[in-house]
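# Chain and residue survey
Chain residues, written in single-letter form:
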Amino acid sequence: MRYFNIALLLFVTGLSASAQTRGGGQLLAGTARVNITPKSDESVHDSVYARSLVLQAGSLRLAFVSVDLAVFTSERIEKVCKERYGITQLLLCSSHNHSEPQPGGKRSFQAGNPFTVFYEDQIIQAVATATQHLFPARITAGRHSFPQLGFNRLIVRENGHARESWFSDDQYTCENPERIPFGPVDPEVGVLRIDDMQGQPRAIIMNYACHADIVCFNYAVSADYPGVACRKVEEAFDNKVNCLFIQGAGGNIESLQISSRRKGPDDPFQTDYAPMERTGDILAFQTVKLAKSLPAAQGEQQIQFMEDSLHFTGRFNRKLDFNVHLSTILINKSIAIAACPGELFVQLQLDWKKKMELAEVQPFLFGYTWSKGSWPGYVADVRSAALGGYGADQGGDLIEVGAGEEMVTRQLENFYRLNGLMRDKPGPTGFKGGAQWIIKPFDPAHP
């Protein structure tokens, strides 16, 4: 069970309600792109990148960095960016591609990876370049639904339990070649567009929930479909923008289009990259369509931010301790971002967005996003944890059941703290002018 939680800090920028009485300040933004493909003996199909976006308002300076890596966390980057570049909060957003550089079979998150320091240096450079080229900016955002690109890869079988999409039975074919749209999924792409004061787009955040493993086991470096989508979005804006892909809660979502896996680097069978290209192309088309349709932001720009920490134990191993850090961001009182580490299951995102829509804001869940603390791995919703399957009940290092619901509930609570509705003291009572208001039960005989 969760045994400890603490709100660490709250920053309200110089553009917040309390500071507007002093005239406020200017929202600034900066962006950069750095190639993080290391020199190695591995074959490279397409390069991997780190794309940064720095947002500054008053004393608050946020740095989003989208990296074409499976999972990447770094206390060194967080420390350096804070000390050298005044970054209040660094958010490392992994695209979770399964075809990142893998020297000796090691992933980016595994100890002993020889490229870790190189990645860190390149990411730090991406943040540095962004902070050195800040410009007055405005932010607008929106969401758009279109025919889904992914399906829920935990398929419920005859016994009531779920199995992964790579297991066949009498009713289901391995890897879903019929492209049956199993659910639940989130069919929405979210877009945040950052413009300069001349109304020219300078950066775009593309938020979508789907595993980036179309070309898994291709034995070559590739950014998978997020890399294709980012490149095509940038080309659609004459390469005058940087496009940051930020995963949603795609922990149990697989692409409907997928390439057959190779058995090893010496397998004569060659990976088909057409499904990757097609998926990225569709996502880019929808992103560009939405980005170009968004109205320009008007008026003063505001950013509010809160960081929170929750501790969880393990589901099966009660000795585990997950120190999970959450970031809640409210932009212009109308754009809400919930940044969470780990591979959240999509139902958590769907439930959180539905509740956020009641507040009449544009909700964006940034999954696979680390700021500090633990990486919780897969985070299933309660129903998925009961049904089982990969990431739901397999393995001894899973986080406790209910952690996902508690994470998104805390995000919801912190949003209402940022927008000022969540009181810290009891609300008004039924008293007025010293006299108590007496409320009697309704009596139909004496209406």
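Structure: see above.
Cut-offs applied
- Residues numbered from 1 in each chain as written.
- Predicted model: local features only at pLDDT ≥ 70, side-chain atom pairs only at ≥ 80, totals over all residues.
- Heavy atoms only, no water.
- Salt bridge = Lys/Arg side-chain N within 4 Å of Asp/Glu carboxyl O.
- Buried < 20%, exposed > 50% of the residue type's maximum accessible area, 1.4 Å probe, protein only.
- 1 Å grid on protein atoms, 1.4 Å probe; cavity = no way out; pocket = protein on both sides within 12 Å on 5 of 7 lines; lining within 4 Å.
- Points joined across faces, edges and corners; volume = space filled by probe spheres on them.
- Nonpolar A, V, L, I, M, F, W, Y, C, P; charged D, E, K, R; others polar.
- Pairing = 2+ DSSP bridges.
- Helix = DSSP H or I, 4+ residues; strand = E, 2+ residues; numbered from the N terminus.
- Contact = heavy atoms within 4.5 Å.
- Axes fitted to C-alpha atoms, helices over the stretch in contact; angles between N-to-C directions.
- Phe/Tyr/Trp six-rings, centres within 6.5 Å; stacked < 30°, edge-to-face > 60°.
- Lys NZ or Arg CZ within 6 Å of the ring centre and 35° of its normal.

### Brief notes about the pattern of salt bridges
In the structure shown here, the tally under the stated rule is 26 salt bridges. Linking Arg163 and Glu164 is a salt bridge whose minimum nitrogen-to-oxygen distance equals 3.5 Å. The class of Arg163 is partly exposed, set by a relative accessible area of 33%. Of the charged contacts in the structure, one is a salt bridge between Arg231 and Glu277, with a shortest N-O distance of 3.5 Å.

### Comments concerning the layout of surface pockets
If you add up the space inside the largest pocket, you get close to 780 Å³. Lining the largest pocket we find 28 residues, and of these His98, Arg153, Glu343, Tyr378 and Tyr390 sit closest to its centre. The residue makeup of the lining of the largest pocket, split by class, is 13 nonpolar, seven polar and eight charged. Roughly 230 Å³ of volume is contained in the second largest pocket. Every residue lining the second largest pocket is counted, 13 residues in all, and those nearest its centre are Glu42, Gln102, Asn218, Tyr219 and Ala220.

### What about the sheet that holds strand E19 (residues 369-370)?
Spatial ordering of the open sheet is given by E12-E11-E10-E6-E2-E3-E4-E5-E19, a layout of nine strands whose pairing is mixed. Looking at which strands have only one partner, the edges of the open sheet turn out to be strand E12 (242-247) and E19. Where strand E5 (residues 89-94) lies against E19, two bridges are found, and the strand directions are antiparallel. Considered in E19, the bridge of Cys93 is made with Thr369. Against the sheet, helix H2 (residues 75-85) contacts strand E4 (60-67), E5 and E19, and its axis sits at roughly 140° relative to E5.

### Looking at the packing of aromatic side chains
Tallied over the entire structure, the rule returns 14 aromatic pairs. For the ring pair Phe115 and Tyr119, a centre distance of 6.3 Å and an interplane angle of 70° mean the geometry is edge-to-face. As far as burial versus exposure is concerned, Phe115 and Tyr119 are alike and both buried. Ring geometry for Phe118 versus Tyr119: centroids 6.2 Å apart, planes at 50°, classification tilted. Accessibility expressed as a relative area gives 0% for Tyr119, which makes it buried. Sitting over the face of the ring of Tyr49, Arg33 holds its NZ or CZ atom 5.7 Å from the ring centroid. The ring of Phe135 has Arg202 lying over it, and the distance from NZ or CZ to the ring centre is 3.9 Å.

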